[in-house]
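Structure assessment
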Amino acid sequence: MLVTQQKVLRRFWYPVVPADRLATEPLPFTLLNTDLVLFRDSAGKAAALVDRCCHRTARLSKGWVEAGNVVCPYHGWTYAGDGRCVRIPQRPGGDPGKNIAIESFRCTERYGVVWVALEEPLRDIPALPEYDDPAYRRVFEFYEPWEAPGLRIMENSFDNAHFAFVHKESFGIVDEPEPVQPRLEPDPAGFVMYADVPVKNPEIQRGNLGIDADRTVRHYEKTWWMPFSRKMKVTYPNGLVHIIMTLTAPIDDRRSQVIQFLLRSDSEADAPAENLTRFDRQVTHEDMAILEGCDHDVPLSPAGELHMPTDRPGLEMRRMLARLLAEHGEQEVRRGGCSPALLASAAE
Ligand code: FES
Ligand SMILES: [Fe+2]
């Protein structure tokens, strides 16, 4: 599936930037090949406009923000958060007249993140009750582009068979490759996967988890936030809860922008944020190294690749995405064109 070719994918909220990075400067962001300028409007609300001035197409993201309006760096035409041109400095009094505007997009803030939907969203951003629960602290981990599509990143997150290989240096048990089978349940966000997975517990994790043993068990409750984000709730035998939010936005067919933060049921005194991030970064770099080498054009039809039982969550994602396309009258677009196999599999 080439994500930029599937129109219905424009109808989801995507996490584009941590909210605190959107301050006084306009920021560029490319979402599904659409170039956006992000800034804070006169009410301090996050705004997203097409990153093209309607005079001579200059990039507004190279301009600046003045009184909550974005100013084009070329000749100074100025736009409000709703896309209206509010000033043309070359005209008497700067009056732009009526009806000059550029395209604006839905933009909101939730969970410390700015989200954009390019078209009327099909569903709201999923609930994350732990975010406002004082029992949890928040730890920001990273914000960066990956050379991998969201679907590969999501499938990897729900794949119990890769730990012994990809994560052999961190938490995978290399000589126990037989994976734990996942249990799936429906969820309004997508689905939830449960699994109890034995893991290696290296030195840094002993401190992070307060578990002084070579091994421990992760009780996973992973929620797929259709289409390309996830909530991974890990509960350890001592009751500690470590939630990893991995939110991704499709830049284009090959790349995703990834935001990761934690919600933890302990305190900084129990485990310094720096050590939590150090271990999670090791793990995510291990995943990234593999995912960036995989083919970006993930087939939705089961016939497109070979599978094993632990691939069920990924296959369920593909099935649900195929159904979404079918419900909106779309065919899967792949590098070679449309995929006829999809129509058959979506109908099953
Ligand atoms: S190109 Fe933007 S004001 Fe001229
Ligand atoms: Fe992984």
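Rules of the game
- Within every chain, residues take consecutive numbers counted from 1 along the sequence as written.
- Starting at A for chains and at 1 for ligands, labels are handed out in the order in which the entities are written.
- Since the coordinates come from a predicted model, pLDDT governs what is reported: local features require at least 70, and pairs of side-chain atoms require 80 or more to be given and counted, while whole-chain, interface and lining totals use all residues.
- Hydrogen atoms and water are omitted, and side-chain values are computed over all heavy atoms in the structure.
- Think of it this way: DSSP has to see at least two bridges between two strands before they count as a pair.
- Put simply, DSSP marks the helices as runs of H or I at least four residues long and the strands as runs of E at least two long, and each gets a number from the N terminus on.
- Helix axes use the C-alpha atoms of the stretch in contact, all axes being lines fitted to C-alpha atoms, and the angles between their N-to-C directions lie in the range 0 to 180 degrees.
- Contacts were defined at the residue level, with two residues in contact if any of their heavy atoms lie within 4.5 Å.
- Relative accessible area decides the class of each residue, using a 1.4 Å probe on protein chains only: under 20% of the type maximum gives buried, over 50% gives exposed, and in between gives partly exposed.
- Two residue types count as positive, namely Lys and Arg, and two as negative, namely Asp and Glu; His and chain ends fall outside the count.
- The salt bridge criterion pairs a side-chain nitrogen of Lys or Arg with a carboxyl oxygen of Asp or Glu, the two atoms within 4 Å.
- Polar contact is the term for a pair of N or O atoms within 3.5 Å; when the atoms are in protein, one must be able to donate a hydrogen and the other to accept it, and sequence-neighboring residues count only if both atoms are side-chain atoms.
- Residues enter a nonpolar core if they are buried and are Ala, Val, Leu, Ile, Met, Phe, Trp, Tyr or Cys, with the set joined through side-chain atoms within 4.5 Å.

Taking strand neighbours across the sheet as the criterion, the seven strands line up as β11-β17-β16-β15-β14-β13-β12 in an open arrangement whose pairing is antiparallel. Looking at the sheet topology across the chains shown, the edges are occupied by β11 (137–146) and β12 (183–187). Averaged over all adjacent pairs, the angle separating strand axes in this sheet is 20°, with direction ignored. Relative to strand β17 (residues 256–264), β11 is paired through nine bridges, and the arrangement is antiparallel. Bridging across to β17, Glu144 finds its partner in Val258. Here helix α4 (residues 273–291) sits on the sheet in contact with β11, β14 (215–225), β16 (241–250) and β17, set at roughly 25° to β11. The strands touched by helix α5 (residues 312–327) within the sheet are β12, β13 (190–200) and β14, with β13 carrying the most contacts at an inclination of about 165°.

Mapped onto the elements of the fold, Arg218 is located in strand β14. Within the buried set, Arg218 has no salt-bridge partner at all; the shortest N-O distance to an opposite charge, 6.0 Å, is to Asp280. Side chain to side chain, Arg218 and Tyr220 meet in a polar contact 2.8 Å long. Only 3.2 Å separates the side chain of Arg218 from the side chain of Tyr236, close enough to count as a polar contact. Once residues within four sequence positions are removed from consideration, Arg218 is found in contact with Phe171, Ala195, Asp196, Val197, Val199, Gln205, Met232, Val234, Thr235, Tyr236 and Phe279.

This part is about the nonpolar core. Residues Leu9, Val116 and Phe261 are the most contacted members of the largest nonpolar core, which totals 101 residues. Sequence-distant contacts of Val116, defined by excluding residues within four places in its chain, comprise Phe12, Trp13, Tyr14, Val16, Leu31, Leu36, Leu38, Ala48, Phe105, Arg106 and Cys107.

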